[in-house]
Amino acid sequence: MLKIKDIKKSFGKKEVLKGISTIFPEKKTTVIVGPSGSGKTTLLRSLDLLVKPDFGIIEFDDLKINFSEPFTNKTANALRDKTSMVFQNWNLFPNLTILQNITEAPIYVQKVNKTTANKQAHELLTEVGLDEYADAYPSELSGGQQQRISICRALAVKPEYILLDEPTSALDPEMETQVLEMLERLSDQGQSMIMVTHNMQFAKNAADKILFIENGKADFDGTKDEFFSTSSPRVKEFLHGISLN
Amino acid sequence: MWEIIISSLPSLIEAMLKYTIPLALISFAFGMIIAIGVALIKFLNPKINGLLSIFWKLLRLVANFYVWIFRSTPLLVQLFIIFFGLPSIGIKLPPFTAAVIGFSLNTGAYGSETIRSALMSVSKDQWDAAYTLGFSTPQTLWRIIMPQAFRIVLPPLSNEFIGLVKDTSLASTITIAEMFQVSQQIAAQNFQPLLMYVEVAALYAFLCTILSVLQHYLENRSSKFIKGDGN
Ligand SMILES: Nc1ncnc2c1ncn2[C@@H]1O[C@H](COP(=O)(O)OP(=O)(O)O)[C@@H](O)[C@H]1O
Ligand SMILES: [Mg+2]
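Not measured: the values here are computed from a predicted model.

We now examine the overall build of chain A. From N to C terminus, chain A includes 9 helices and 10 strands. Taking 245 residues into account, the globule formula puts the C-alpha radius of gyration at 18 Å, and chain A, at 18 Å, falls close to it. The buried share among the 245 residues of chain A stands at 56%. Considering only contacts in chain A between residues 6 or more positions apart, those separated by 24 or more positions represent 64%. Carbon and sulfur atoms make up 47% of the accessible area of chain A, which totals about 10,900 Å². Averaging the locations of the 29 positively and 33 negatively charged side chains of chain A gives two centres separated by 6 Å.

In this complex, chain B contributes 23 residues to the contact, which on the side of chain A involves 27 residues. When chain B packs against chain A, close to 2,100 Å² is buried across both sides, 55% of that on carbon and sulfur atoms. Contact with chain A buries surface across chain B, with Thr132, Leu133 and Phe225 of chain B losing the most and accounting together for 31% of the total. At the junction of chain B with chain A, the criterion picks out 2 salt bridges.

This part covers the pairing of strand β2 (residues 14-24) of chain A. Residues and elements named next belong to chain A. Bridge count for strand β1 (residues 2-11) against β2 is 8 bridges, and the pairing is antiparallel. Residue pairing in the sheet places isoleucine 7 in a bridge with isoleucine 20 of β2. Between β1 and β2, which pair antiparallel and follow one another directly, the connecting turn spans 2 residues, one of which, glycine 12, has a positive phi of 60°.

What counts as what
- Residues numbered from 1 in each chain as written.
- Chains lettered and ligands numbered in written order.
- Predicted model: local features only at pLDDT ≥ 70, side-chain atom pairs only at ≥ 80, totals over all residues.
- Heavy atoms only, no water.
- Helix = DSSP H or I, 4+ residues; strand = E, 2+ residues; numbered from the N terminus.
- Rg over C-alpha atoms; globule rule 2.2 N^0.38 Å.
- Buried < 20%, exposed > 50% of the residue type's maximum accessible area, 1.4 Å probe, protein only.
- Contact = heavy atoms within 4.5 Å.
- Areas by Shrake-Rupley, 256 points an atom, 1.4 Å probe, with all protein chains shown as cover.
- Lys, Arg positive; Asp, Glu negative; His and termini not counted.
- Charge placed at Lys NZ, Arg CZ, Asp CG, Glu CD.
- Buried area = accessible area lost by both parts, 1.4 Å probe.
- Salt bridge = Lys/Arg side-chain N within 4 Å of Asp/Glu carboxyl O.
- Pairing = 2+ DSSP bridges.

And the structure:
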């Protein structure tokens with residue numbers, strides 16, 4: 001299980017994460033919400049070490065990094081292997097076909113044999129109904145299709161958790177629905193997920209746990225039912241603001 | 001007139017095959033190796049500390065100095081220093097070697113800036129995407145960033161190559177009997193400077209046109225992924 005303790009991060013003089021501790025339950029969906037600029041992306045990127053925290057502890061089972069102490073690249077890489085990130089703008093590799101986008105890391109990083117990697121990629125594509133695009137390039141697909149491909153790409157390296165940073169905020173509503181349906185299915189199948197989103201409907205449908213980040217701190221950390229019935233004035237105000245949009 | 005053109009053609013073509021083309025090809029190949037090395041030294045920020053990081057800083061200083069000096073002095077002067085100047089400190093180079101060294105270093109200096117800016121123009125997001133999938137820095141460079149940079153770098157590097165083909169005519173000044181020097185010799189014998197220099201100009205144009213065609217072919221091949229609306 002992935003746990004963090006007292007994670008702090010500053011960019012220059014600005015302290016963006018002010019000590020966040022929580023656990024991300026396995027086979028569950030954790031949704032991170034909060035106003036923009038509150039540090040959600042930074043927190044998510046810290047989990048994959050795309051951002052290196054200044055202080056605190058990240059641990060997964062017996063793997064552990066304490067950022068106040070030196071740690072080896074080996075430990076860092078082992079920890080990073082546990083998570084894989086899906087980006088707001090999907091960031092597919094434009095020079096590779098859809099199939100290659102999915103198989104590149106399994107083949108060249110994880111040394112999976114090519115036939116096996118291709119077979120698994122076709123299975124993932126078939127599951128999301130996009131196998132016919134295997135040989136197309138990303139630029140030939142819509143945003144919603146590209147985002148579903150990028151989720152397949154993240155799943156292909158078989159991480160323990162997939163991390164999603166506002167995966168639908170760059171999509172129009174119809175495409176957003178396609179992506180959210182895919183994510184709800186994954187959530188039902190017990191894929192461990194940590195997702196930043198403003199979509200409260202998704203949180204209501206799929207979240208097991210909700211983390212509310214405000215100003216670099218976790219202001220709320222609990223179950224979905226607790227979240228939507230909380231008496232915290234700040235959460236209420238946030239939910240009210242969102243429902244107006 | 002045609003008789004004069006045709007009778008001079010074999011010597012010109014011989015000079016082209018013997019000197020102009022090899023000079024351009026060999027210098028461009030060495031130039032690109034230097035350019036990629038220098039571009040990476042300037043582009044990468046390896047997470048190292050201690051002595052290694054001092055070494056990297058030193059390397060970068062040398063790279064910056066090299067690019068600065070070769071871009072701020074005329075190619076002709078560089079060739080003269082290498083061929084006529086260095087012997088006075090005991091370094092005597094054969095003309096062809098001196099020319100290859102001069103052209104390679106000059107091409108490398110310009111090329112490194114072209115390549116570095118192409119590497120920088122590939123979005124930072126591509127690095128994030130590769131890192132999250134477990135790619136190392138060299139793997140990311142080689143499999144993701146460089147193929148995308150290649151497409152960007154192709155037109156300016158083709159320009160540099162075409163420029164180099166024409167610049168090989170400067171090798172005539174350090175005693176190399178390349179195409180232009182041969183045309184000068186023939187003109188001195190047959191008293192037809194206009195005809196001879198137009199003929200040699202046409203031969204340079206011919207070479208450069210082949211390169212342009214090659215460039216278009218490579219551009220089409222390397223940009224097959226930019227169809228549709230993009231996004
Ligand atoms: N690489 C960075 N360099 C400097 N400031 C950053 C960087 N990344 C994020 N920030 C700043 O940190 C704050 C939190 O950003 P972010 O984590 O993206 O918030 P959120 O995802 O909740 O909108 C913002 O003020 C942002 O400008
Ligand atoms: Mg964000």
